[in-house]
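Given next are the chains, with one letter for each unit.
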Amino acid sequence: MTRGEHTGLIVAGGRSRRFGNCDKAVADLAGVPMIRRVADGITPMIDRLLVNCRAEQVSAIRSALAGYDHPVQFVCEQTPDTGPVAGVKAGLCAIEDDAYAFVTACDMPLIDSDIVAHLFDRGRGHDAAVPRTEDGRIQPLHAVYRSSEMVAACNAALADGQRSIRDPVAALDAAIVPSAELRTYGSTSTFENVNTPTALQAVSERIE
Ligand SMILES: Nc1nc2c(ncn2[C@@H]2O[C@H](COP(=O)(O)OP(=O)(O)OP(=O)(O)O)[C@@H](O)[C@H]2O)c(=O)[nH]1
């Protein structure tokens, strides 16, 4: 596939409560803000980056992403704290209807671009390509979506009062990609997310 023809979307509008209410998106991970590691991890696969967050987060995240290889656009929701479904929807509304985007979270600093590349490949002809990890869970915040279909699914989920990002995925024609398949393309550390200071310290010790 041609590299660098897609959008990346990082949702970062959560409150980081398990992290102690200081924004994990910009937490220092071995000298680099966590969201910068996420962005750098997907650089080869995208040609622009969208960040969905609250307005008051923009300044710190903009600093964390200074000098990034691609244009960065912030998409702030009018009503914060409406959950990741609303965040994903807001971000995907900012891109073209038929475009594919890789959607991820601000707390996945070990993202492997080769796995992202494979998800873009697997999404072709579908509404989405969503990994399923060994614990049997799908990973909707490490997945590729066709924007129009995912926006419609998010709208339907929100109208039904559904808050889990797994809910809109259930309504899509999604290629579910098992981790055994993804492991042949890259490291499944790509799915690790950092929710607590202890997890941050553990990842930091591994990569330093
Ligand atoms: N836009 C938006 N993003 C959210 C919202 N809640 C969570 N997210 C994002 O969704 C991703 C996964 O959420 P969590 O890991 O639970 O993050 P969190 O809500 O900040 O963390 P906790 O408060 O500890 O649960 C993270 O990238 C969050 O920033 C929200 O209300 N709005």
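Here the structure is a predicted model, which means the values were calculated and not measured.

Basis of the calculations
- Residues numbered from 1 in each chain as written.
- Predicted model: local features only at pLDDT ≥ 70, side-chain atom pairs only at ≥ 80, totals over all residues.
- Heavy atoms only, no water.
- Pairing = 2+ DSSP bridges.
- Helix = DSSP H or I, 4+ residues; strand = E, 2+ residues; numbered from the N terminus.
- Axes fitted to C-alpha atoms, helices over the stretch in contact; angles between N-to-C directions.
- Contact = heavy atoms within 4.5 Å.
- UniProt positions renumbered as here; feature names shortened; annotations may be inferred.
- Buried < 20%, exposed > 50% of the residue type's maximum accessible area, 1.4 Å probe, protein only.
- Polar contact = N/O pair within 3.5 Å; in protein donor to acceptor, adjacent residues only side chain to side chain.
- 1 Å grid on protein atoms, 1.4 Å probe; cavity = no way out; pocket = protein on both sides within 12 Å on 5 of 7 lines; lining within 4 Å.
- Points joined across faces, edges and corners; volume = space filled by probe spheres on them.
- Nonpolar A, V, L, I, M, F, W, Y, C, P; charged D, E, K, R; others polar.
- Near = heavy atom within 4 Å.
- Areas by Shrake-Rupley, 256 points an atom, 1.4 Å probe, with all protein chains shown as cover.

With that settled, consider the sheet that holds strand E5 (residues 72-76). One open sheet accounts for seven strands, arranged E5-E4-E1-E6-E8-E7-E9; its pairing is mixed. Here the strands that pair on one side only, and so sit at the sheet edges, are E5 and strand E9 (174-178). Averaged over all pairs of adjacent strands, the angle between their axes in this sheet comes to 25 degrees, without regard to strand direction. Strand direction decides the pairing type here: strand E7 (residues 128-132) and E9, joined by five bridges, are parallel. Along E9, the bridge assignment pairs alanine 128 with alanine 174. Taken strand by strand, helix H1 (residues 34-42) contacts strand E1 (7-11), strand E4 (48-53) and strand E6 (100-105), and its axis lies near 160 degrees from that of E1. Running at roughly 150 degrees to E1, helix H3 (residues 83-92) makes contact with E1, E4, E5, E6 and strand E8 (142-146) of the sheet.

Under the present numbering, the feature "domain: MobA-like NTP transferase" (unreviewed entry) in UniProt falls on residues 8-165. Note that residues 8-165 is 32% helix and 22% strand, and that its end C-alpha atoms are spaced 17 Å apart.

Our next topic: helix H4 (residues 113-123). Counting buried positions along H4 yields eight of eleven residues, so the element is predominantly enclosed. All of the buried residues in H4 are Ser113, Ile115, Val116, Ala117, His118, Leu119, Phe120 and Gly123. For H4, the N-terminal cap is aspartate 112; the gap from its side-chain oxygen to the backbone nitrogen of aspartate 114 is 2.9 Å. One or two residues past the end of H4 sits glycine 125, with phi positive at roughly 85 degrees.

To continue, consider the layout of surface pockets. If you add up the space inside the largest pocket, you get close to 880 Å³. Together, 36 residues line the largest pocket, and Arg18, Lys24, Pro84, Asp107 and Leu141 are the ones closest to its centre. Considering each element in turn, the lining of the largest pocket owes the most residues, three residues, to H3. Its residues assigned to classes, the lining of the largest pocket shows eleven nonpolar, 13 polar and twelve charged.

Here the focus is the site of the ligand. Neighbouring the ligand are 21 residues, the closest being Val11, Arg17, Asn52, Glu77 and Gly83. At a separation of 2.8 Å, an oxygen atom of the ligand approaches a polar backbone atom of serine 16. In this structure, arginine 18 approaches the ligand through a main-chain N or O atom, which is 2.8 Å from an oxygen atom. Burial of the ligand by the protein amounts to 86% of the accessible area it has alone, namely 610 Å².

Time to look at the side chain of arginine 48. One can find arginine 48 in strand E4. A polar contact is formed between the side chain of arginine 48 and the side chain of threonine 7, at a distance of 3.0 Å. Setting aside its immediate chain neighbours within four residues, arginine 48 contacts His6, Thr7, Gly8, His70, Pro71, Gln73, Ala94, Ile95 and Glu96.

In the numbering adopted here, UniProt assigns the feature "binding site: GTP" (unreviewed entry) to Val11, Ala12, Gly13, Lys24, Asn52 and Asp107. Spatially, the listed residues are clustered: although they cover 97 residues, their C-alpha atoms lie within 14.2 Å of one another. Among the annotated residues just listed, those lining the largest pocket are Val11, Ala12, Gly13, Lys24, Asn52 and Asp107. By the element assignment, valine 11 lies in strand E1. Valine 11 sits in the buried class, given a relative accessible area of 9%. Contacts of valine 11, omitting those with residues within four sequence positions, involve Asn52, Gly87, Val88, Thr104, Ala105, Cys106 and Leu141.

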